Amino acid sequence: MSVLRFPWRLGVVTVLVGLLAPAPRAEPLPLHSEARLLESLRGLGVAVQMGGVCGAPGQLATYNMGANILCLGDALQERPQERTKVLHHELVHVVQDCLDGLNTPTSISLSEGLRRAGDLSERQLNGFFLQHLRNQGNLRHVVATTAPLPQDSRQREIEAYALQADPALVQHLLRQSCQP
């Protein structure tokens, strides 16, 4: 396992202080900003596949942590209002992968990474993600869709759903935790 880098934990702790502030709405990224973001992923060693079918029927995008492949499907092109949110959902998975090392076939949750750093309690972490889900109004949906998953997979999905509407935080975590 690679050495975990947690210089970003202060950024997350700072965000925790503002828990009651509503999460900003995910606005579509300008195309040039998205292109730069995708290029930075390529620089990390993440292959970006544009178009085609990603994952199971109905999935708009996927991130394969074993192969380091981000797939943005054709259906996502037709849904610009969801594009930023879906992209940032998958970017949370890239961050989780970086925490365990992009060269490994595994990832860890943000919660586990912060617990290992010893800065935040489980209650604080759960409250942070719960508040983000409540702010988006998608708590029931996330609980229902993640219920059949194993606990570690469920936690990673909950975190991705929770942070998908906060592009600034997701991009900050990506910069701080993923180094080429």
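Details of the structure are given in the entry above.
Thresholds, definitions, all that
- Every chain is numbered independently, its residues counted from 1 as its sequence is written.
- Reporting in this predicted model follows two pLDDT cut-offs: at least 70 for local features of residues, and 80 or more for side-chain atom pairs to be given and counted; totals over whole chains, interfaces and linings ignore these cut-offs and use all residues.
- No hydrogens and no water enter the side-chain calculation; it runs on all heavy atoms of the structure.
- A carboxyl oxygen of Asp or Glu within 4 Å of a side-chain nitrogen of Lys or Arg is what we treat as a salt bridge.
- Strands here are runs of E lasting at least two residues and helices are runs of H or I lasting at least four, both read from the DSSP assignment and numbered beginning at the N terminus.
- Working definition: with a 1.4 Å probe on protein chains only, accessible area under 20% of the residue-type maximum means buried, over 50% means exposed, and in between means partly exposed.
- For two strands to pair, DSSP has to find at least two bridges joining them.
- Fitted lines through C-alpha atoms serve as axes, helices being fitted only where they are in contact, and the angles separating the N-to-C directions of these axes extend from 0 to 180 degrees.
- Comment on the angle field: the value is read as roughly parallel under 35 degrees, roughly antiparallel over 145, roughly perpendicular from 65 to 115, and oblique elsewhere.
- If you view the pair so one helix is near and one far, a crossing is left-handed when the near helix is turned anticlockwise from the far one by less than a right angle, and right-handed when it is turned clockwise.
- Only heavy atoms enter the contact rule, under which two residues are in contact if any of them lie within 4.5 Å.
- Ten residues, namely Ala, Val, Leu, Ile, Met, Phe, Trp, Tyr, Cys and Pro, are considered nonpolar, four, namely Asp, Glu, Lys and Arg, are considered charged, and the remaining ones, Gly among them, are considered polar.
- Any two cysteine sulfur atoms lying within 2.5 Å of each other are counted as a disulfide.
- Here the nonpolar core consists of buried residues drawn from Ala, Val, Leu, Ile, Met, Phe, Trp, Tyr and Cys, with membership extended through side-chain atoms lying within 4.5 Å.

Asker: An account of the pattern of salt bridges is needed here, citing residue identities and associated values.
Answerer: In this structure the tally under the stated criterion is 7 salt bridges. The partner of Glu112 in a salt bridge is Arg116, and the shortest N-O contact between them spans 3.1 Å. In this pair, Glu112 and Arg116 are both assigned in helix 5 (residues 110-117), 4 residues apart and thus about one turn of the helix distant. Among the residues examined, Arg116 registers a relative accessible area of 41% and is labelled partly exposed.

Asker: Now, about the sheet that holds strand 1 (residues 47-50): what can you tell me, with residues and values included?
Answerer: Pairing in this open sheet of 3 strands is mixed, and the strands run 1-3-2 from one edge to the other. Pairing within the sheet leaves two strands with one partner each, and these edge strands are strand 1 and strand 2 (61-64). Ignoring which end each strand starts from, the neighbouring axes of this sheet average 10 degrees apart.

Asker: Quick one: what's the story with the packing of helix 7 (residues 139-146) against helix 8 (residues 151-163), residue by residue and with numbers?
Answerer: Relative placement of two packed helices is described by the angle separating their axes and the distance separating the axes. Where helix 7 contacts helix 8, the two axes come as close as 10 Å, and the packing angle between them is 155 degrees. Comparing their axes, helix 8 and helix 7 come out roughly antiparallel. Helix 7 and helix 8 meet at a crossing whose hand is right-handed. Across the interface between the two elements, His141, Val142, Val143, Thr145 and Thr146 of helix 7 pack against Arg154, Glu157, Ile158 and Tyr161 of helix 8. Counted by class, the contact of helix 7 with helix 8 contains 4 nonpolar, 3 polar and 2 charged residues.

Asker: Describe in detail the state of the cysteines, supporting the description with residues and values.
Answerer: One pass over the structure, following the stated rule, counts 2 disulfides. There is a disulfide in this structure between Cys54 and Cys71, and the S-S distance comes to 1.8 Å. Sign of the S-S torsion, about -75 degrees for the bond between Cys54 and Cys71, identifies this disulfide as left-handed. Taken together, the positions of Cys54 in the loop between strand 1 and strand 2 and Cys71 in strand 3 (residues 69-72) put the pair 17 residues apart, joining distant regions of the chain. Across the pair, exposure class does not vary: Cys54 and Cys71 are buried alike. The residue that forms a disulfide with Cys98 is Cys178, at a sulfur-sulfur distance of 1.9 Å. Judged by the torsion about the S-S bond (115 degrees), the Cys98/Cys178 disulfide is right-handed.

Asker: Can you lay out the nonpolar core for me, pointing to particular residues and giving the numbers?
Answerer: Core analysis: the biggest nonpolar cluster contains 37 residues, and Leu41, Leu70, Leu91, Val94, Leu110, Leu163 and Leu174 have the highest contact counts within it. Elements with a contribution of two residues or more to this core: helix 2 (31-44), strand 2, strand 3, helix 4 (80-100), helix 6 (122-136), helix 8 and helix 9 (167-177). Here the element with the most residues in this core is helix 4; it accounts for 8 residues. The contacts of Leu163, once residues within four sequence positions are left out, are Val92, Leu110, Phe128, Phe129, His132, Gln136, Leu169, Val170 and Leu173.

Asker: Describe the side chain of Arg83, and please don't skip the residues or the numbers.
Answerer: Note on placement: Arg83 falls in helix 4. With sequence-adjacent residues up to four places away left out, Arg83 is seen in contact with Glu34, Met50, Leu72, Leu76 and Gln77.

Asker: Hey, could you go over the environment of Arg156 for me, with residue numbers and the actual values?
Answerer: Position of Arg156 among the secondary structure elements: in helix 8. Given a relative accessible area of 11%, Arg156 falls into the buried group. For the pair Arg156 and Ser107, spaced 49 residues apart in sequence, the C-alpha separation works out to 8.9 Å.

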